[in-house]
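Listed here are the chains, written in short residue letters.
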Amino acid sequence: DYFINTDVDCILAEDTLSKIIMPVLDADKHVIAVGATMRMVNGCTIDKGRITRVKPPNSLIPLFQETEYLRSYLVAKMGLSMINAIPNVSGGFGLFDRQVVISAGGFDSASHAEDMDMTVRMIAYMRENRKPYLIAQCPYSLCWTEGPPNIKVLSRQRTRWGRGMLQFIIDHRKFFFNKDYGRLGFVIMPYIFLFEFLAPIIEFVGFIFLLFLLLTNQVNFDTFWMMIAYAYLIGLSVSIVTVSYDLVLGKLYKNFWEYLKLVLFSALEAILYHPFVVLFTLRGYIQYLSGKNFKWGQMTRQGFSPSKNANTV
């Protein structure tokens, strides 16, 4: 009745099946999909296909993505699940109702945002047939994936995500503020448009405008640094809350310093990592608007050595 969709480079926790099915068993509504927290396998010790030691990544980009993923799953999606408004169940790992997926048309091989596309079409199918539904989020870490090891691979990943985002917005524009689709039309689609699609555009335009104000001496420095610090500390506070929540759920890292490492590097994320994500996403928008025939793009992976000894990814 249900199947798990995951990526070839993912490693699952040994208790994955028992935990991912619990929202289905506990719910009083028909659960059509369940997502769970995904983590970076970079840095973990692997032995014969199993994670024997969970550690934060050593490389900079996967380390930033570790905190980014935790924020996405433990804060954003857990919050949205409370109002049954999860916009997508990750293509990297998710439990799906087999019959609903088939009835909604299955995965679209032409989509560059196949997980979000599939989730929204499943919701639309349930609404069109007047069936109550629930999409749940499991907070536990059940899946580890290999993150981009360098800027080049990160660029391919986020550019593709950007193309997929614009493609998704255009393909599903009929759902916006459509009363026949309930929260899909009035919550999920506006949320995706404002906080996922428009966010990088607003950030880039805001940065250009800030440069203009600086060059024309129109910045009030009496309040400028206070406003910058306020925005920066809000982002840092969310990361600290996220790491703390993960610690409460289950201490996967062996010591306190490994958690502190996530917090310390999240303080640098806005400077060393996020600007690249914005630029790569915008490039994806531009590429999609150019109308070229794009391929998926090679996501280079280091993989796991087949040697008998345990090894660190």
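Since the structure is predicted, the reported quantities are computational estimates derived from the model, not experimental observations.

J.: Just checking my understanding: could you explain the overall build of the chain for this structure?
T.: Helices and strands together make up the secondary structure of the chain, namely 11 helices and 8 strands. In terms of C-alpha radius of gyration, the chain reaches 20 Å, essentially the compact-globule figure of 20 Å for 313 residues. Principal axes of the C-alpha set define a box for the chain whose edges measure 65 × 55 × 40 Å. Counting all 313 residues of the chain, 47% fall into the buried class. In the chain, of all internal contacts separated by at least 6 residues, the share reaching a separation of at least 24 is 78%. Across the chain, the centroid of the 31 positively charged side chains sits 4 Å from that of the 25 negatively charged ones.

J.: How should I be thinking about the pairing of strand E5 (residues 50–53) in this particular structure?
T.: Within a regular strand, side chains alternate between the sheet's two faces. Taken together, the 3 bridges between strand E4 (residues 45–47) and E5 define a ladder with antiparallel strand orientation. By the bridge assignment, Ile-46 is partnered in E5 with Ile-51. Taking the residues between adjacent antiparallel strands as the criterion, E4 and E5 are bridged by 2 residues, where Lys-48 takes a positive phi near 55°.

J.: Honestly, the sheet that holds strand E6 (residues 93–97) in this entry has me stumped. Any pointers?
T.: Think of a sheet as strands paired side by side through backbone hydrogen bonds, with each pair either parallel or antiparallel. Taken in spatial order, the 5 strands line up as E1-E6-E3-E7-E2 in an open sheet, and their pairing is mixed. Each of the sheet's edge strands pairs with one partner strand only, and the pair in question is strand E1 (2–6) and strand E2 (11–12). Bridge count between strand E3 (residues 31–40) and strand E7 (residues 134–145): 9 bridges; the pairing is parallel. Each residue of the ladder has a partner; that of Val-31, found in E7, is Leu-134. Helix H3 (residues 60–81) contacts E3 and E7 of the sheet and is inclined by roughly 155° relative to E3. Sheet strands in contact with helix H5 (residues 114–128) are E3, E6 and E7, and its direction is about 160° off that of E3.

J.: Looking at this structure, I do not really get the layout of surface pockets. What am I missing?
T.: Any empty space left between the atoms is revealed when a probe the size of a water molecule rolls over them. Roughly 330 Å³ of internal volume is contained in the second largest pocket. Together, 22 residues line the second largest pocket, and Ala-13, Asp-15, Ser-141, Trp-144 and Leu-252 are the ones closest to its centre. Of all elements in the fold, only E2, E5, E7 and helix H8 (221–249) reach the threshold of two or more residues within the lining of the second largest pocket. Among the elements that make up the lining of the second largest pocket, the one with the highest residue count is E7 (5 residues). Residues that form the lining of the second largest pocket fall into these classes: 11 nonpolar, 4 polar and 7 charged.

Cut-offs used in this document
Residues numbered from 1 in each chain as written. Predicted model: local features only at pLDDT ≥ 70, side-chain atom pairs only at ≥ 80, totals over all residues. Heavy atoms only, no water. Helix = DSSP H or I, 4+ residues; strand = E, 2+ residues; numbered from the N terminus. Rg over C-alpha atoms; globule rule 2.2 N^0.38 Å. Buried < 20%, exposed > 50% of the residue type's maximum accessible area, 1.4 Å probe, protein only. Contact = heavy atoms within 4.5 Å. Lys, Arg positive; Asp, Glu negative; His and termini not counted. Charge placed at Lys NZ, Arg CZ, Asp CG, Glu CD. Pairing = 2+ DSSP bridges. Axes fitted to C-alpha atoms, helices over the stretch in contact; angles between N-to-C directions. 1 Å grid on protein atoms, 1.4 Å probe; cavity = no way out; pocket = protein on both sides within 12 Å on 5 of 7 lines; lining within 4 Å. Points joined across faces, edges and corners; volume = space filled by probe spheres on them. Nonpolar A, V, L, I, M, F, W, Y, C, P; charged D, E, K, R; others polar.

These results come straight from atomic positions and should not be treated as a statement about function.
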